[in-house]
Amino acid sequence: MKKHWLLLFFLLCCSLLFWPAAAQAAPSDDTQEVYGIGSVSKLFGTAAVMLLADRGEILLDAPVTDYIPEFEMADERYQQITVRMLLNHSSGLPGTTFRDCFLLGESHTDYHSTLLNNLKSRHLKADPGAYSVYCNDGFTLAEILVEHVSQMSFSAFIQKEFIRPLGLTHTFMPEELPSLTATASIYYRDRPLPYENLQCLAAGGIYSTAEDLCRFSRLFTQNGSGLLSGEAVQAMAFPEYKRDTICVQDAESNFGYGLGWDSVDAYPIRRFGITALAKGGDTKNYGTGLLVLPDQELSVGVTASGGSGELSLKLASELALEILKEEGLITQEEEEAAAQPAIDTAQPSVPIPEELKKYAGYYDSAGIWKLEFTEQDTVRITSLENNADMVQEYRYTQDGYFVSTDGKYISYTGLSQASGGTGGITAFYFREESNGKTYILGTTYSLSGGKAESAIAMPFAEKTEENKLPGAIQKVWDGRDGEKYYLINDAYNSYFYLSQPCMKLELSAAFPGYTGASELYKNCRITDADNAVCELDLPVMTGRDSADFHFYRTKGVEYLQADASRYIEEKAIPDLTRQDVRIRTAQTAQWFRLGNQAAGQEIRIRLPGQSAYYVYDKNDICVASSLFTDERDTVILPLDGKLLLTGPEGKSIAITWLKAAK
């Protein structure tokens, strides 16, 4: 069954090409679907920077402020950020500016201004160059840099320098999509949506096909395309991650950053002495993977609607291994041997040295963990997140590692356990760094059928301490515990109004002085009555996209600022009544409760241009919206739900009350 599924998936959305022979065969079907390639767009952004560097117009180790003078932060260290640091994720920037970024359909905001204005009030999470942690904003700054230096829009530059010369006839920027009819369909809870419009073009906004990605990857193969110099291609493939002051050196991993690449020695192909360059990409609705073996002139591209970049890269790797076997470059026996994790689970347990027991305590990761040494001479890690039920046991082996014992493992998203026939194994150790912090570092292999499909090697967590608050401050935060806050300042067609319209603030029940982690935001240490800061200091992936919390009050209403996004407290949301027939749009989105007067009523909503409505049930799940392409003329309002209206300031939204639904 698995083989048949892989073959079908391959036929639908994969491409693998050898160069230069395959370069003669351009796609002939002008109706083939294009997909959002997400972060694979970073390779286009990196190539653009490297092309300008080839021309002597950019120096990789020059400060970014040399090229973007309007770039400022509330942290003097920002002046130390270099162009190279934008491309290898080591800039120290907080992560991703989500506001106005993930749109559905047309664009109507200047995302560059949103980003630059947001950064003016932000601080760095680390010294520039200290370590690499995935960062989308760095690539949007690289996009702005390309525009400043070239005096062209980023879209025009990519068209002129790469799309047309390489014959990428199915590669587009999102602003070009309205003229197309062949974008791969996307859905929200089975409701069709307009095309995605990611405003961060160089970080994740480009559309393409698997075939075009393989053609683009000719830039990085042995014979190359002539568009980039050999020095530029080699610089992109240099293991930048080894510059980190905090990393797991010389370990197998799917994350080993180059310039633009997720990995420049991707597992498992690195086990055969073959260089493998890998990049995965995710949007809200697409998953893409691109794998390039430059010395073999082999590229594998996978694009999918749904799924993930991680799954697409796994499939790309499996297809590449099949080709390598067919070409006689590896054998079946070598492939099977390479599929075994490099963690010796057969090693006997040995007593835990007493000097290691000082590392008991609390750790910050994707959630707060409690680590303790047991009477059975093992290490127990317990998740302290609210509603979490995860406990893991690790035994100590003679090679100095703690190895998981029960099929549970650590991923970059936190403590994990086997599901759906897959699992994992983790080996970790403790290390004290020169920055004064203690880390849990290690390697995890994800397993399927006993075979290691992927590997990650990184710091999984950092030691932290309880944060006991003065009584007055604790009382303020106790009053917020469990309260919901609703997004009000994103673009009218933001995907976040569909998928993450609100956040529920929860304090960590078992770890005082911290907010709990949410779907968008990590744990934050409470500093005073209105502020909490994210202090997670982890390289690679777990520490990405951090944001502090700031609460403030206006006219008796409490608001939450997180990154560039603003939220209003649920208690301040008014009821929608039958007297509401013409609503004037304001600077921010307007929320209404659907109480007894509105629930069960059928209404018609008339919108001006660049406006939208969203209807939510009692669980804050969007059940109706003007953005759905199968939108109906009327809406039935659910009990205890909410209505969101948003549009240009000063316009009118008309509501016609029809009758109670039967």
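Scroll up to find the structure this text is about.
About the cut-offs
Residues numbered from 1 in each chain as written. Predicted model: local features only at pLDDT ≥ 70, side-chain atom pairs only at ≥ 80, totals over all residues. Heavy atoms only, no water. Helix = DSSP H or I, 4+ residues; strand = E, 2+ residues; numbered from the N terminus. Rg over C-alpha atoms; globule rule 2.2 N^0.38 Å. Buried < 20%, exposed > 50% of the residue type's maximum accessible area, 1.4 Å probe, protein only. Areas by Shrake-Rupley, 256 points an atom, 1.4 Å probe, with all protein chains shown as cover. Lys, Arg positive; Asp, Glu negative; His and termini not counted. Charge placed at Lys NZ, Arg CZ, Asp CG, Glu CD. Disulfide = S-S within 2.5 Å. 1 Å grid on protein atoms, 1.4 Å probe; cavity = no way out; pocket = protein on both sides within 12 Å on 5 of 7 lines; lining within 4 Å. Points joined across faces, edges and corners; volume = space filled by probe spheres on them. Nonpolar A, V, L, I, M, F, W, Y, C, P; charged D, E, K, R; others polar. Core = buried A, V, L, I, M, F, W, Y, C linked by side-chain atoms within 4.5 Å. Contact = heavy atoms within 4.5 Å. Salt bridge = Lys/Arg side-chain N within 4 Å of Asp/Glu carboxyl O. Axes fitted to C-alpha atoms, helices over the stretch in contact; angles between N-to-C directions. Parallel < 35°, antiparallel > 145°, perpendicular 65-115°, else oblique. Expected span 1.5 Å × (residues − 1). Pairing = 2+ DSSP bridges. Polar contact = N/O pair within 3.5 Å; in protein donor to acceptor, adjacent residues only side chain to side chain. Left-handed = near helix turned anticlockwise from the far one by under 90°.

S.K.: Help me understand the overall build of the protein, please; the structure alone is not making it clear to me.
M.R.: Looking only at helices and strands, the protein features 13 helices and 35 strands. Over its C-alpha trace the protein gives a radius of gyration of 26 Å, about what one expects of a compact globule, namely 26 Å for 662 residues. C-alpha atoms of the protein, sized along the principal axes, occupy 75 × 65 × 55 Å. With 662 residues in all, the protein has 59% of them scored as buried. Carbon and sulfur atoms make up 47% of the accessible area of the protein, which amounts to about 26600 Å² in all. Taking the average location of the 58 positive side-chain charges in the protein and that of its 88 negative ones, the two points are 7 Å from each other.

S.K.: So what exactly am I meant to see when it comes to the state of the cysteines here?
M.R.: Where two cysteines share a covalent bond between their sulfur atoms, that bond is called a disulfide. Applying the stated criterion to the full structure yields zero disulfides. Looking at C502, it has no disulfide partner, and the nearest cysteine sulfur is the one in C622, 12 Å off.

S.K.: Sorry, what's going on with empty space enclosed by the protein here?
M.R.: A probe as big as a water molecule, rolled over the atoms, marks out the empty space that is left. Evaluation of the coordinates by the stated rule reveals three cavities of 30 Å³ or more. Looking at the lining of the largest cavity, its residues break down into nine nonpolar, three polar and three charged.

S.K.: What exactly am I supposed to notice about the nonpolar core here?
M.R.: Nonpolar side chains tend to gather and get buried jointly when the protein is soluble and globular. Judged by nonpolar contacts, the single largest core of 162 residues is most densely connected at F71, L93, L141, F216, F220, L228 and F402. Among the elements that take part in this core, helix α2 (residues 41-54) stands out by supplying eight residues, more than any other. Leave out the neighbours within four places in its chain, and F220 touches L228, V233, M236, W261, L277, V292 and P294.

S.K.: What exactly am I supposed to notice about the pattern of salt bridges here?
M.R.: Charged atoms that come close allow side chains of opposite charge to pair. Applying the stated criterion to the full structure yields 32 salt bridges. Between E161 and R55 there is a salt bridge, with the nearest N and O atoms lying 2.9 Å from each other. On the criterion of sequence distance, the pair formed by E161 in helix α6 (residues 154-163) and R55 in the loop between α2 and α3 (83-87) is long-range, its members being 106 residues apart. Here R55 falls in the partly exposed class, since its relative accessible area comes to 41%. Linking D545 and R544 is a salt bridge whose minimum nitrogen-to-oxygen distance equals 3.1 Å.

S.K.: Is there a simple way to explain the packing of α2 against α6 in this structure?
M.R.: Between α2 and α6, the least distance of the axes is 11 Å, while the angle of their chain directions is 75°. Overall, the two elements α2 and α6 adopt an arrangement that is roughly perpendicular. Residue-level contacts link F44, G45, A47, A48, L51 and L52 of α2 to F154, F157, I158, E161 and F162 of α6. Of the residues belonging to the contact of α2 with α6, the class tally is nine nonpolar, one polar and one charged.

S.K.: Just checking my understanding: could you explain the side chain of D537 for this structure?
M.R.: Position of D537 among the secondary structure elements: in the loop between β24 (531-533) and β25 (549-554). The residues touching D537, leaving out its near neighbours within four places in the chain, are K125, A126, Y131, N435, K437, Y439 and E462.

S.K.: Looking at this structure, how should I read unusual backbone geometry?
M.R.: The phi angle of most residues is negative, glycine excepted, and most peptide bonds adopt the trans form. Cis geometry marks the peptide bond from Y267 to P268, where omega comes out at 5°. Looking at the element boundaries, P268 is found in the loop between α9 (230-236) and β8 (277-282). Phi angles above zero are rare outside glycine, and D620 is one such case at about 65°. Within the secondary structure layout, D620 lies in the loop between β31 (612-616) and β32 (622-625). D620 sits in the buried class, given a relative accessible area of 9%.

S.K.: Explain α2 to me, please; I cannot follow it from the model alone.
M.R.: Along an α-helix, a turn takes 3.6 residues, which lines up residues three or four apart on a common side. Compared with an ideal rise of 1.5 Å per residue, which puts 14 residues at 20 Å, α2 spans 20 Å between its outermost C-alpha atoms and is within 8% of the ideal. With twelve of 14 residues buried, α2 is to be regarded as a mostly interior element. Immediately beyond the C-terminal end of α2, within one or two residues, lies G56, with a positive phi of roughly 80°.

S.K.: Teacher, can you tell me more about the pairing of strand β14 (residues 391-396) here?
M.R.: Each regular strand displays side chains that alternate between the two surfaces of the sheet. As judged from the five bridges shared by strand β13 (residues 378-383) and β14, these two strands associate in the antiparallel manner. Considered in β14, the bridge of T382 is made with V391. In this structure, β14 lies alongside strand β15 (residues 402-404), joined through three bridges in antiparallel fashion. From the neighbouring strand, Y394 faces β15, where its bridge partner is S404. Connecting the antiparallel pair β14 and β15 is a turn made up of five residues, with G400 showing a positive phi of about 90°.

S.K.: Help me understand the sheet that holds strand β19 (residues 438-448), please; the structure alone is not making it clear to me.
M.R.: Where strands meet in a sheet, backbone hydrogen bonds hold them as pairs that are either parallel or antiparallel. Spatial ordering of the closed barrel is given by β11-β12-β13-β14-β15-β18-β19-β20, a layout of eight strands whose pairing is antiparallel. Taking the axes of each pair of neighbouring strands and ignoring which way they run, one obtains an average angle of 30° across the sheet.

S.K.: Just to check I follow, could you spell out the side chain of D545 for this structure?
M.R.: Within the element layout of this structure, D545 appears in the loop between β24 and β25. Within polar-contact distance, the side chain of D545 engages the side chain of T96 at 2.7 Å. A distance of 3.1 Å separates a polar atom in the side chain of D545 from a polar atom in the side chain of R544. Not counting residues up to four positions away in its chain, the partners in contact with D545 are P94, G95, T96, F98, K125 and K522.

S.K.: In this structure, what is going on with the environment of I440? I would like to understand it.
M.R.: Relative to the assigned elements, I440 resides in strand β19. Sequence-wise, I440 and V300 are 140 residues apart; in three dimensions their C-alpha atoms are separated by 34 Å. Once residues lying within four places of it in the same chain are set aside, the contact partners of I440 are Y363, W369, L371, F428, Y429, F430, M458, P459, F460 and A461.

S.K.: Would you mind going over the environment of Y362 with me for this structure?
M.R.: Looking at the element boundaries, Y362 is found in strand β11 (residues 361-365). Note on Y362: relative accessible area 18%, which makes it buried. Separated by 149 residues in sequence, Y362 and F511 have C-alpha atoms that sit 8.7 Å apart. Leave out the neighbours within four places in its chain, and Y362 touches W369, K370, L384, E462, K463, T464, E466 and F511.

S.K.: Is there a simple way to explain the packing of helix α4 (residues 111-119) against helix α5 (residues 136-150) in this structure?
M.R.: Relative orientation and spacing of two packed helices are given, respectively, by the angle between their axes and the distance between those axes. It is the contact of α4 with α5, at a shortest axis distance of 11 Å, that shows an interaxial angle of 120°. Taken together, the axes of α4 and α5 lie oblique to each other. For the pair α4 and α5, the crossing hand works out as left-handed. Facing Y111, H112, L115, L116 and L119 of α4, the residues of α5 in contact are D137, T140, L141, E143, I144 and E147.

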